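# Close look at the chain arrangement
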Amino acid sequence: MEAAEADAAGEPELAAETPAGDKAGFRLAAFGAVLILVLFAGYGLGRLNNSTASASAPPTTGAGTGASSGAGMAGMTVDESQPHVHSTDGTVTQGGATSTMAMGAAIGGLSLSSGGVTLVPAETAFQAGKRQRLSFKITGPQGAAVTTYAIVHDKPLHLIVVRRDLSGFQHLHPVMASDGTWSIDLTLARPGIYRMIADFTAVVGGQQVATTLGSDLTVAGDYAPEALPAPAQAAETGGFRVAYEGKPDTASTQPLLMSVTGADGKGATLDPYLGAFGHLVVMREGDLAYVHVHPETQLVDGKVKFWLALPSAGSYRMFFDFQVAGTVHTAAWTVRLG
């Protein structure tokens, strides 16, 4: 108790009250011994807990927020479904709180390993147009497969697959076996290199690790990359016209309103899909940096409202998943900044 009170008071007060003579020497020696014991105990507990939390690890998140929907920073998790500002000095402000972070939105999918967890595909070679089994594991710091995950937007893991020219987008949900192996049947239509991106919140050592990992898949054959379609704010998919209002930026989060109109010209009735009225995945041309944001919980005049900040200038493809009458559709647009 004395040691705790001395620490709370600070060094000046401890120095002012140090007694003289042999008694002072005894007290200082005892204090040093207690300090050593506390340090060793903390080290031992850390080893026993096998925690993956560190300064470089993603923040712990609840079941309602995925890694890609928040920006990683010490002491603050940004909810990308609510307004916040990325300032030019490298800070972000939301709800009156300010923290330091990298400019732009939180991005993922650029690495096989992050936050102490690693994506390990069983195979990466596929044949064009052939349905094949894609299997992979997520392993922890000691190499063992992770088998416990938080449910984020109705699923323990979201898998995005897209060709490197940003065509052939698929949003999938593989199933995990008891040994931690994730599997799903996958068809890659054309030759080329594809990116698989696993978006999840793993539970490792009692800690939630929210992250997004990526790996390449190859389809042999003559690869003819497609140029990105010209930027536009409306697209056609499944008999619906899907348009967005707003303009993404890098310095601050901007609102985007998505509207879905049927062939009769009336607004479509949207069903909740994966816990929300839509999902927005944004990928950057070149490195396929991945941003995943969730909308506000309520529609705004029948429209789905997102808040988005892009990580840098460049060309992007935005993919909007929505559901009508039990069928999921995906609309896509090209966005260019700078």
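Procedures and definitions
Residues numbered from 1 in each chain as written. Predicted model: local features only at pLDDT ≥ 70, side-chain atom pairs only at ≥ 80, totals over all residues. Heavy atoms only, no water. pLDDT = per-residue confidence, 0-100. Contact = heavy atoms within 4.5 Å. Pairing = 2+ DSSP bridges. Helix = DSSP H or I, 4+ residues; strand = E, 2+ residues; numbered from the N terminus. Axes fitted to C-alpha atoms, helices over the stretch in contact; angles between N-to-C directions. Salt bridge = Lys/Arg side-chain N within 4 Å of Asp/Glu carboxyl O. Buried < 20%, exposed > 50% of the residue type's maximum accessible area, 1.4 Å probe, protein only. Phe/Tyr/Trp six-rings, centres within 6.5 Å; stacked < 30°, edge-to-face > 60°. Polar contact = N/O pair within 3.5 Å; in protein donor to acceptor, adjacent residues only side chain to side chain.

### What to know about the confidence of the model for the protein chain
Confidence along the protein chain averages 78 in pLDDT terms, with 69% of residues attaining 70 or more. Counted against residues more than four places away or in other chains, residues 98-105, with its pLDDT under 50, gives 36 contacts.

### A word on the sheet that holds strand 14 (residues 234-237)
In spatial order, the strands read 14-15-16-19; together these four strands make up an open sheet with antiparallel pairing. Where the open sheet ends on each side, the last strands, each with one partner, are strand 14 and strand 19 (304-308). Within this sheet the neighbouring strands show an average axis-to-axis angle of 25°, counted without direction. Both strand 16 (residues 254-261) and strand 19 contribute to a ladder of five bridges, which runs antiparallel. From the neighbouring strand, Leu256 faces strand 19, where its bridge partner is Phe306.

### Considering the pattern of salt bridges
All told, the structure shown has eight salt bridges when counted by the stated rule. The closest approach of N and O atoms between Arg163 and Asp165, which form a salt bridge, is 2.6 Å. For Arg163, a relative accessible area of 2% gives the class buried. For Glu245, the salt bridge goes to Lys303, with nearest N and O atoms at 2.4 Å. Placement of the pair is Glu245 in strand 15 (residues 240-245) and Lys303 in the loop between strand 18 (290-293) and strand 19, with a sequence separation of 58 residues. By relative accessible area, which is 39% here, Glu245 ends up partly exposed.

### Things to note about unusual backbone geometry
The residue His153 is not glycine, and still its phi comes out positive at about 50°. Within the chain, Leu166 stands out as a residue other than glycine whose phi angle is a positive 70°. For Leu166, the position within the fold is in the loop between strand 8 (157-163) and strand 9 (170-172). For Leu166, a relative accessible area of 4% gives the class buried.

### Some remarks on the packing of aromatic side chains
In this structure the tally under the stated criterion is eight aromatic pairs. Taking the centre distance of 5.9 Å and the plane angle of 80° together, the rings of Tyr149 and Phe200 count as edge-to-face. Of the two residues, Tyr149 sits in the loop between strand 7 (131-139) and strand 8 while Phe200 sits in strand 12 (residues 192-204), which places them 51 residues apart along the sequence. Taken individually, Tyr149 and Phe200 each receive the classification buried, so the pair is uniform in this respect. Centre to centre, the rings of Phe306 and Phe320 are 5.9 Å apart; their planes meet at 85°, and the pair counts as edge-to-face.

### Here we look at the side chain of His292
Mapped onto the elements of the fold, His292 is located in strand 18. Side chain to side chain, His292 and Asp199 meet in a polar contact 3.2 Å long. At 3.2 Å, the side chain of His292 forms a polar contact with the side chain of Tyr290.

### Thoughts on the sheet that holds strand 18
In spatial order, the strands read 18-17-20-21; together these four strands make up an open sheet with antiparallel pairing. The open sheet is flanked by strand 18 and strand 21 (327-337), the only strands paired with a single partner. Shown here is a sheet whose adjacent strand axes are inclined to one another by a mean of 20°, direction ignored. Pairing of strand 17 (residues 279-284) with strand 18, which is carried by four bridges, proceeds in the antiparallel orientation. Counted as the bridge partner of Met283 is Tyr290 from strand 18.

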